[in-house]
Amino acid sequence: LAKTTQPISMDSYEGQEVNITCSHNNIATNDYITWYQQFPSQGPRFIIQGYKTKVTNEVASLFIPADRKSSTLSLPRVSLSDTAVYYCLVGASYQTGANNLFFGTGTRLTVIP
Amino acid sequence: DGGITQSPKYLFRKEGQNVTLSCEQNLNHDAMYWYRQDPGQGLRLIYYSQIVNDFQKGDIAEGYSVSREKKESFPLTVTSAQKNPTAFYLCASSLAQAKNIQYFGAGTRLSVL
């Protein structure tokens, strides 16, 4: 089970771009990289998923280098409502048997006015 | 309106009592999950079900039980054997072939009286 390492917390001012990096040195060939966002007293919400290079959607971008041992979630022009905990997970979508996702403590992002 | 619904939002347990947390989804997902989250911590997997009438223990199954009699429903019982049940409980579901993208309910906060 591939574990991940993320910064415990980050602060950013409103309107800035925020980059949160995740290390996953023992990522397996079949593993995807998935990011979730969690607000206080709510369930996590899926943000973005990728396998390699770059993925972009209406919420964020995900950058994955060629060796796939790390990934960076990029949030453009953050607002106060982006204050949340962000989790990076790696695992194979098609893996049979028990769930293979590991939610660590995540990165607590605080957006400052 | 598709989604995953947990009830109740808040629950109180007396000493020696069993309590059941409800989780219902109308997303037509085969896989369902129960997680426990303690303050400032990540999510830990309690139980997982990939299909009706089948479920598997997660990392912290002791003191908990589940059933999966219907595709839409995956209730969790916190038994009296769980000595430290105070936590935030999250239910999730996913397609069996896309376990990395899970949809979460709003959670149930359980406290001990």
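These figures come from a predicted structure and were not determined experimentally. (Residues numbered from 1 in each chain as written. Chains lettered and ligands numbered in written order. Predicted model: local features only at pLDDT ≥ 70, side-chain atom pairs only at ≥ 80, totals over all residues. Heavy atoms only, no water.)

## So, a nonpolar patch on the surface
Residues and elements named next belong to chain B.
Line of reasoning, step 1. On the surface, Tyr-10, Phe-12 and Leu-113 cluster together into a nonpolar patch covering about 380 Å² of accessible area.
Line of reasoning, step 2. Within the secondary structure layout, Leu-113 lies in the segment after β11 (108–112).
Line of reasoning, step 3. Among the residues examined, Leu-113 registers a relative accessible area of 64% and is labelled exposed. (Patch = residues over 30% accessible without salt bridge, like charges linked within 9 Å, V, L, I, M, F, W, Y side chains within 5 Å. Areas by Shrake-Rupley, 256 points an atom, 1.4 Å probe, with all protein chains shown as cover. Salt bridge = Lys/Arg side-chain N within 4 Å of Asp/Glu carboxyl O. Helix = DSSP H or I, 4+ residues; strand = E, 2+ residues; numbered from the N terminus. Buried < 20%, exposed > 50% of the residue type's maximum accessible area, 1.4 Å probe, protein only.)

## What about the side chain of Gln38(A)?
Line of reasoning, step 1. Note that Gln38(A) resides in strand β3 (residues 32–38).
Line of reasoning, step 2. A distance of 2.9 Å separates a polar atom in the side chain of Gln38(A) from a polar atom in the side chain of Tyr87(A). (Polar contact = N/O pair within 3.5 Å; in protein donor to acceptor, adjacent residues only side chain to side chain.)

## Description of the sheet that holds β3(A)
Residues and elements named next belong to chain A.
Line of reasoning, step 1. Taken in spatial order, the five strands make up an open sheet running β1-β9-β8-β3-β4, and their pairing is mixed. The open sheet has two edge strands with one neighbour each: β1 (9–13) and β4 (45–50). Taking the axes of each pair of neighbouring strands and ignoring which way they run, one obtains an average angle of 25° across the sheet.
Line of reasoning, step 2. Examined bridge by bridge, β3 and strand β8 (residues 84–91) share seven bridges and lie antiparallel to one another. Its bridge partner being in β8, Gln-37 is matched across the sheet by Tyr-86. (Pairing = 2+ DSSP bridges. Axes fitted to C-alpha atoms, helices over the stretch in contact; angles between N-to-C directions.)

## Some remarks on the packing of aromatic side chains
Residue and element names in this part refer to chain B.
Line of reasoning, step 1. If you walk through the whole model with that rule in mind, you get eight aromatic pairs over all chains.
Line of reasoning, step 2. Seen from their ring centres, Tyr-64 and Tyr-89 are 5.9 Å apart, and the 65° between their planes marks the pair as edge-to-face. In this pair, Tyr-64 is assigned in strand β7 (residues 64–66) and Tyr-89 in strand β9 (residues 87–94), connecting sequence segments 25 residues apart. Across this residue pair, the class does not change: Tyr-64 and Tyr-89 are buried. (Phe/Tyr/Trp six-rings, centres within 6.5 Å; stacked < 30°, edge-to-face > 60°.)

## As for the confidence of the model for chain A
Line of reasoning, step 1. Scored by pLDDT, chain A comes out at a mean of 91, with 92% of its residues at no less than 70.
Line of reasoning, step 2. Within chain A, the element-level pLDDT minimum falls on β8(A), averaging 93, and the maximum on strand β6 (residues 61–64) of chain A, averaging 98. (pLDDT = per-residue confidence, 0-100.)

## A word on the state of the cysteines
Line of reasoning, step 1. Counted under the stated rule, the structure contains two disulfides over all chains.
Line of reasoning, step 2. Each sulfur in the disulfide pair Cys22(A) and Cys88(A) lies 2.2 Å from the other. Negative torsions about the S-S bond denote left-handed disulfides, and the value of about -80° found for Cys22(A) with Cys88(A) makes this one left-handed. Remark: Cys88(A) occurs in strand β8 and Cys22(A) occurs in strand β2 (residues 18–23); sequence separation between them is 66 residues. Each member of the pair, Cys22(A) together with Cys88(A), is buried.
Line of reasoning, step 3. The disulfide that involves Cys23(B) links it to Cys91(B), with 1.9 Å between the sulfurs. Between Cys23(B) and Cys91(B), the disulfide has an S-S torsion of -75° and is therefore left-handed. (Disulfide = S-S within 2.5 Å.)

## Notes on the interface of chain B and chain A
Line of reasoning, step 1. Taken together, the contact between chain B and chain A spans 24 residues of the former and 25 residues of the latter.
Line of reasoning, step 2. For the pair chain B and chain A, the two sides together bury roughly 1800 Å², of which 50% comes from carbon and sulfur.
Line of reasoning, step 3. A per-residue breakdown of the area chain B buries against chain A is headed by Leu43(B), Lys99(B) and Asn100(B), which together make up 32% of the total.
Line of reasoning, step 4. Between the two partners, chain B and chain A, sit six residue pairs in polar contact (both at pLDDT 80 or more).
Line of reasoning, step 5. Among the secondary structure elements, those contributing two or more residues to the side of chain B that touches chain A are β4 (31–37), β5 (43–51) and β9 of chain B.
Line of reasoning, step 6. Broken down by element, the residue count for the side of chain B that touches chain A peaks at four residues, all from β5(B).
Line of reasoning, step 7. Classifying every residue of the side of chain B that touches chain A gives twelve nonpolar, ten polar and two charged. (Contact = heavy atoms within 4.5 Å. Buried area = accessible area lost by both parts, 1.4 Å probe. Nonpolar A, V, L, I, M, F, W, Y, C, P; charged D, E, K, R; others polar.)

## Observations regarding the sheet that holds strand β7 (residues 70–75) of chain A
Residues and elements named next belong to chain A.
Line of reasoning, step 1. In space, the four strands of this open sheet follow the order β2-β7-β6-β5, with antiparallel pairing throughout. Either end of the sheet is taken by a strand with one partner, and the two such strands are β2 and β5 (53–56). For this sheet the average axis-to-axis angle between neighbouring strands, irrespective of direction, equals 15°.
Line of reasoning, step 2. Where β5 and β6 come together, four bridges link them in antiparallel fashion. When the bridges of β6 are listed, Thr-53 appears paired with Ile-64.

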